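Observations on the three-dimensional arrangement
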There are 2 protein chains.
Amino acid sequence: MDGALPPASPTGLSAYVAVSQLLGLTLLATTGAWLGRYRGGVAWHSPLQFNVHPLCMVLGMVFLQGDALLVYRVFRHEAKRSTKVLHAVLHGLALVIALVGIVAVFESHRTKGIPDMYSLHSWCGMAAFVLYLLQWLLGCGFFLLPGASSSLRGRYKPQHVFFGIALFALSIAACLLGITEMLLFNIKDSYRHFVPEGVLANTLGVLLLAFGLVVGYVLTRDDWKRPPLAEELALSMDFKTLTEGESPDGGSQ
Amino acid sequence: MDGALPPASPTGLSAYVAVSQLLGLTLLATTGAWLGRYRGGVAWHSPLQFNVHPLCMVLGMVFLQGDALLVYRVFRHEAKRSTKVLHAVLHGLALVIALVGIVAVFESHRTKGIPDMYSLHSWCGMAAFVLYLLQWLLGCGFFLLPGASSSLRGRYKPQHVFFGIALFALSIAACLLGITEMLLFNIKDSYRHFVPEGVLANTLGVLLLAFGLVVGYVLTRDDWKRPPLAEELALSMDFKTLTEGESPDGGSQ
């Protein structure tokens, strides 16, 4: 492998990333259209406070989480440290927005006297949020703070990548459950007659799946993974020399 | 890499596979307990026909599909052809069982005068089934029938693997949606009071996710992938020689 790769992206990657962003913006617009057209819109101190929940969860736990996962594919020729910081900042922003969405539904439940955390949607959603927060803290601890050794980072990285994609999938599943709950609570009797609100919300579900599918494809395609830059390879060789006593010219300890 | 690997499995693989099977059997038992204890059991020509649907979908689209995905990790030292046939047979069985489950829900809807295919669950579930059938047909066409060239198989294989895992995830998501629908149709008012049926069905959802997580982990862990056997490496070298005019001793065409 040649470390000094040209700065071009692999064929097709840009097109897939563009499609993911188009899907992401469309699913945000569809969520807005559903809440605005059929659910009275969004407001904090009002009976509409509940509607902040789906908007924040789709924005934070799906769109921003998905985009945070994509940064290593999109900014493949930037310095790793900058990309890592962007990855952490986007995930952090996603967590803050998701937290606002969670506060909204708990406050709305309290106002209306509805118990919390009884449904499969709430179990999946809360598990996704808590594990996502844990994953973010572990990620910062291992990869951003200086404490972890290179070999420890190397051992943790595959777990971080697997759980990152698994949590993204769980977040999308939780959104689909939330859509189904909202429809069955609000339009249970007319849903079966293919009323426009039902079809629109189902379409939002399909868009969420499509976004997840495209992001998942970009992330898991082997030849689209971020190649190490020339200076990273050199650094890694220096580090190996320092820690394992090997010299770059092949001498051993 | 050494082609003549010893027949031992990698450390940890057997334990993860055992956990996956324990989870799989537990989720089947939980589905049976839910339907038997709270939904009157299962029967074909009766008002209980609907209950055939969740049982078949959990058995076919989750348990058997998951086990079919695992065969290349479990039977890692068997001949590739036998493993491939087992992979296809298990997926085929899963499809037949899922088809019975789909017929059950359509017939049950017809008897009760309920429209079909209006919910997000039905959209996701039908998409999962149709794409799974398509994936199976393509898999048989590319990998079991003799027509496809080695290079065509090599190009299709990563897509087959990605869509295989994605369809497994979609199948689990469709099951979670089905659980939520069943609960909101049957115990909408008591669900919020943490009644035993609701907690049991939520637990089934968590078990489905846990099964998916463990199977997904086993499938995607790099060092657990099936290594090529010595005779497969030799065959592949012979094939390369025949098709590309290269001789194994390094001579070119």
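Treat the numbers as computed from the prediction; the structure is a model and nothing was measured.

With that settled, consider the overall build of chain A. From N to C terminus, chain A includes 8 helices and 0 strands. Each helix and strand of chain A, ordered N terminal to C terminal, gives the series α-α-α-α-α-α-α-α. Within chain A, the proportion of its 253 residues that are buried is 44%. The long-range fraction of contacts in chain A, counting pairs at least 24 apart against all pairs at least 6 apart in sequence, stands at 73%. With the model as given, the accessible surface of chain A reaches about 12,300 Å², and the carbon-plus-sulfur share is 69%.

The subject of this paragraph is the side chain of A:Arg73. One can find A:Arg73 in helix H2 (residues 52-74). In this view, A:Arg73 contacts A:Leu13, A:Val218, A:Leu219, A:Trp224, A:Lys225 and A:Arg226; residues no more than four positions away in its chain are not counted.

In this section: the interface of chain B and chain A. Each partner contributes residues to the interface: chain B has 36 residues there, and chain A has 36 residues. Both sides of the chain B and chain A interface together cover about 3,400 Å² of buried area, and 77% of this is carbon and sulfur. If you sort the residues of chain B by the area they bury against chain A, B:Tyr118, B:Leu120 and B:Arg192 come out on top, with a joint share of 20%. Linking chain B with chain A are 8 residue pairs in polar contact (both at pLDDT 80 or more), by the criterion used here. Elements represented by at least two residues in the side of chain B that touches chain A include exactly helix H4 (120-144), helix H5 (150-186), helix H6 (188-191) and helix H7 (196-220) of chain B. Looking at side-chain class alone, the side of chain B that touches chain A contains 24 nonpolar, 8 polar and 4 charged residues.

All names here are of chain A. Taking the numbering used here, the UniProt-annotated feature "transmembrane region" (unreviewed entry) corresponds to residues 12-35, 55-75, 87-106, 126-148, 160-179 and 199-219. With 96% helix and 0% strand, residues 12-35 has end C-alpha atoms that lie 35 Å from one another. Counting secondary structure, residues 55-75 comes out at 95% helix and 0% strand; the distance between its end C-alpha atoms is 28 Å.

A separate point is unusual backbone geometry. Residues and elements named next belong to chain A. Positive phi is not limited to glycine here, since Met117 has a value of about 60°. Checked against the element boundaries, Met117 lands in the loop between helix H3 (80-112) and helix H4 (120-144). Positive phi outside glycine occurs at Phe194, with the angle close to 55°. Mapping Phe194 onto the fold places it in the loop between helix H6 (188-191) and helix H7 (196-220). What makes Phe194 partly exposed here is its relative accessible area of 41%.

All names here are of chain B. Under the definition given, this model contains 8 salt bridges over all chains. The partner of Glu232 in a salt bridge is Arg226, with the nearest N and O atoms 2.7 Å apart. The buried category is assigned to Glu232, whose relative accessible area is 17%.

Attention now moves to the relation of the copies chain B and chain A. For the pair chain B and chain A, the best superposition has an RMSD of 0.0 Å and corresponds to a rotation of 180° with a translation of 0.0 Å parallel to the axis. The superposition of one copy onto the other is thereby described by a two-fold rotation axis. Comparing interface residues between copies, 100% of those in chain B also lie at the interface in chain A; the contact surface is shared.

Overall, the prediction assigns chain A a mean pLDDT of 92, with 90% of residues at 70 or greater. Under a pLDDT of 50 for its full length, residues 245-253 of chain A has, in the predicted model, 11 contacts with residues more than four places off or in other chains.

On to the environment of B:Val74, then. Mapped onto the secondary structure, B:Val74 falls in helix H2 (residues 52-74). In this structure, the C-alpha to C-alpha distance between B:Val74 and B:Arg226, residues 152 residues apart in sequence, is 8.7 Å.

Residue and element names in this part refer to chain A. Where H2 contacts H4, the two axes come as close as 13 Å, and the packing angle between them is 45°. Relative to H4, the element H2 lies oblique. Where H2 crosses over H4, the handedness of that crossing is left-handed. For the pair formed by H2 and H4, the contact residues are His53, Met61 and Gln65 on the first element and His121, Ala128, Phe129 and Tyr132 on the second. Residues of the contact of H2 with H4, tallied by class, amount to 4 nonpolar, 3 polar and no charged.

What follows deals with the packing of aromatic side chains. Counted by the stated rule, this structure contains 24 aromatic pairs over all chains. Seen from their ring centres, B:Tyr217 and B:Trp224 are 5.8 Å apart, and the 90° between their planes marks the pair as edge-to-face. In this structure, B:Tyr217 and B:Trp224 share a single accessibility class: buried. Feature note: the residues A:Tyr16, A:Tyr217, A:Trp224, B:Phe162 and B:Phe163 constitute an aromatic cluster, connected by ring pairs.

Cut-off values and rules
- Residues numbered from 1 in each chain as written.
- Chains lettered and ligands numbered in written order.
- Predicted model: local features only at pLDDT ≥ 70, side-chain atom pairs only at ≥ 80, totals over all residues.
- Heavy atoms only, no water.
- Helix = DSSP H or I, 4+ residues; strand = E, 2+ residues; numbered from the N terminus.
- Buried < 20%, exposed > 50% of the residue type's maximum accessible area, 1.4 Å probe, protein only.
- Contact = heavy atoms within 4.5 Å.
- Areas by Shrake-Rupley, 256 points an atom, 1.4 Å probe, with all protein chains shown as cover.
- Buried area = accessible area lost by both parts, 1.4 Å probe.
- Polar contact = N/O pair within 3.5 Å; in protein donor to acceptor, adjacent residues only side chain to side chain.
- Nonpolar A, V, L, I, M, F, W, Y, C, P; charged D, E, K, R; others polar.
- UniProt positions renumbered as here; feature names shortened; annotations may be inferred.
- Salt bridge = Lys/Arg side-chain N within 4 Å of Asp/Glu carboxyl O.
- Least-squares fit on C-alpha atoms with pLDDT ≥ 70 in both.
- pLDDT = per-residue confidence, 0-100.
- Axes fitted to C-alpha atoms, helices over the stretch in contact; angles between N-to-C directions.
- Parallel < 35°, antiparallel > 145°, perpendicular 65-115°, else oblique.
- Left-handed = near helix turned anticlockwise from the far one by under 90°.
- Phe/Tyr/Trp six-rings, centres within 6.5 Å; stacked < 30°, edge-to-face > 60°.

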